[in-house]
Amino acid sequence: MLLEKIAAAAAEFMDGAVNYVAAEDALRPDLAGMRIYDEPLFGAAAADDPAFAELCRAEVLHPEAMLPHDWLPGARSVISFFLPFTETVRSTNRAERAQPSEEWLHARIEGQMAIAALGEYLKGFLEREGAAAVFPTTDARFKMLAPYASNWSERHAAYICGLGTFGLSKGLITERGIAGRFGSLITDAEISATPRKYESPYEYCTMCGACQRLCPAEAIDAARGVALGKDHDICGAFVKASTRPPHGPHARVRYGCGKCQVGVPCEKGIPRPR
């Protein structure tokens, strides 16, 4: 099946240099060669799945969100992938309680660069298979519509593609956990949809409150309910305050937090119901 071929190609690609911290960029000498992600997890959905139309609801994403057919006329499928952070990335951020670990900062910045590279690679892979494809993350049409809403949401795409459900911290809980990052492609290739093993957007979240207790910014409050429990402004201000000065020959600015994704029952899997 095509999705299995894509997943195999992605795993091979992520064994390359793109998934490791280069010595010249390392925040510390011992971080040179650190692997960022474990093997990716893939899911797919039909481009005309009615769930995509829900993204245009203001309470879900934004009325101006682009749907699969807007990105690619003739789209048949959406492919979503989750890249879970390695134990090194997760454990160091778990140990450093107040500020993001330097390993996590690399995972946030170099990790996002790796996702962009993987998405472009998979776009080319699909094109070599004779299909048209779009990778929204690097597409010129991708834009922010509001401070915390863009015209395409990787987490919502992953939810529709059967990869998992949302948590109180607004991350997406997958069978490989919540600690990691997502990407997606839209293609005119026909790919079998991944069954959604859940019925509601927050089904995997047990509302245990661990992410609230671990949030150094106090941006999460379960009393507001699972859908409204995270204050993005408070979270964003804390992340901004974590920004490091430019470092290395590429003068990269690094920032992050991720405390709500580590040391929680959903860090590396679906939590057991309470």
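Here the structure is a predicted model, which means the values were calculated and not measured.

The rules behind each value
Residues numbered from 1 in each chain as written. Predicted model: local features only at pLDDT ≥ 70, side-chain atom pairs only at ≥ 80, totals over all residues. Heavy atoms only, no water. Helix = DSSP H or I, 4+ residues; strand = E, 2+ residues; numbered from the N terminus. Buried < 20%, exposed > 50% of the residue type's maximum accessible area, 1.4 Å probe, protein only. Contact = heavy atoms within 4.5 Å. Phe/Tyr/Trp six-rings, centres within 6.5 Å; stacked < 30°, edge-to-face > 60°. Axes fitted to C-alpha atoms, helices over the stretch in contact; angles between N-to-C directions. Parallel < 35°, antiparallel > 145°, perpendicular 65-115°, else oblique. Left-handed = near helix turned anticlockwise from the far one by under 90°. Nonpolar A, V, L, I, M, F, W, Y, C, P; charged D, E, K, R; others polar. Core = buried A, V, L, I, M, F, W, Y, C linked by side-chain atoms within 4.5 Å. Polar contact = N/O pair within 3.5 Å; in protein donor to acceptor, adjacent residues only side chain to side chain. 1 Å grid on protein atoms, 1.4 Å probe; cavity = no way out; pocket = protein on both sides within 12 Å on 5 of 7 lines; lining within 4 Å. Points joined across faces, edges and corners; volume = space filled by probe spheres on them. Lys, Arg positive; Asp, Glu negative; His and termini not counted. Salt bridge = Lys/Arg side-chain N within 4 Å of Asp/Glu carboxyl O.

Q: Go over the overall build of the protein chain with me, naming the residues and quoting the values.
A: A tally of helices and strands in the protein chain yields eight helices and eight strands. Along the longest, intermediate and shortest principal axes, the C-alpha atoms of the protein chain span 45 × 45 × 35 Å. Relative to its 274 residues, the protein chain shows a buried fraction of 51%. Nonlocal contacts in the protein chain, meaning residues at least 24 apart in sequence, comprise 74% of its contacts between residues at least 6 apart.

Q: Run through the packing of aromatic side chains, naming residues and quoting values.
A: Counted according to the given criterion, the structure contains 11 aromatic pairs. An aromatic cluster is defined as three or more aromatic residues linked by ring pairs; in this entry it consists of Y159, F166, Y198, Y202 and Y204.

Q: Run through the environment of V60, naming residues and quoting values.
A: Relative to the helices and strands, V60 resides in the loop between α2 (50-53) and α3 (68-71). Assessed through its relative accessible area of 28%, V60 is described here as partly exposed. Once the C-alpha coordinates of V60 and A149 are considered, the two residues, 89 residues apart in sequence, prove to be 9.6 Å apart. Dropping the residues within four chain positions of it, V60 is found in contact with E54, L55 and H156.

Q: Could you give an account of the packing of helix α4 (residues 87-95) against helix α5 (residues 102-128), with specific residues and numbers?
A: Packed helices, taken two at a time, are described by the angle between their axes plus the distance between the axes. Packing of α4 against α5 brings their axes to within 7 Å, and their N-to-C directions diverge by 130 degrees. The pairing of α4 with α5 is recorded here as oblique in orientation. With respect to the hand of their crossing, α4 and α5 are arranged in left-handed fashion. On α5, the residues that touch T88, V89, T92 and N93 of α4 are E103, W104 and A107. Along the lines of polarity and charge, the residues of the contact of α4 with α5 split into three nonpolar, three polar and one charged.

Q: I'd like a rundown of the nonpolar core, residues and numbers included.
A: One finds F52, W152, I160 and I186 to be the most contacted residues of the largest nonpolar core, which totals 46 residues. Among the elements of the structure, β1 (41-46), α2, β2 (77-84), α6 (154-160), β7 (172-174), β8 (180-187), α7 (210-214) and α8 (232-241) are those that each provide at least two residues to this core. With four residues, the single largest contributor to this core is α6. Residues contacting W152, with those up to four places away along its chain left out, are F52, L61, M66, L67, P68, W71, V78, P136, F142, A157, S184 and I186. Counting residues in hydrophobic clusters, the runner-up holds 36 residues, among them M14, W104, I115 and L118.

Q: I'd like a rundown of the environment of G177, residues and numbers included.
A: With respect to the secondary-structure elements, G177 resides in the loop between β7 and β8. According to the relative accessible area criterion, G177 is buried, its value standing at 0%. Leaving out residues up to four positions away in the same chain, G177 has contacts with F82, L172, C266, E267, K268 and G269.

Q: Now, about the side chain of N93: what can you tell me, with residues and values included?
A: Within the element layout of this structure, N93 appears in helix α4. The exposure class of N93 is buried, given its relative accessible area of 1%. One polar contact links the side chain of N93 to the main-chain amide nitrogen of S101, over a distance of 3.0 Å. Setting aside chain neighbours within four positions, we find N93 in contact with Q99, P100, S101, W104, C257, G258, K259 and V262.

Q: Please provide a residue-by-residue account of empty space enclosed by the protein, values included.
A: Taken as a whole, this structure holds one cavity of 30 Å³ or more when the rule is applied. As a volume, the largest cavity reaches approximately 130 Å³. Lining of the largest cavity is provided by 16 residues; of these, I173, C205, C208, C211 and C266 occupy positions nearest its centre. Per-class residue counts for the lining of the largest cavity are 12 nonpolar, four polar and no charged.

Q: Describe the side chain of K230, listing the residues and the values that go with them.
A: Topologically, K230 is positioned in the loop between α7 and α8. One buried charged residue, K230, forms no salt bridge at all, with the nearest opposite charge on D231 at 9.5 Å. Apart from the residues lying within four places of it in its own chain, the contact partners of K230 are L168, S169, K170, A219, I220, R224 and C235.

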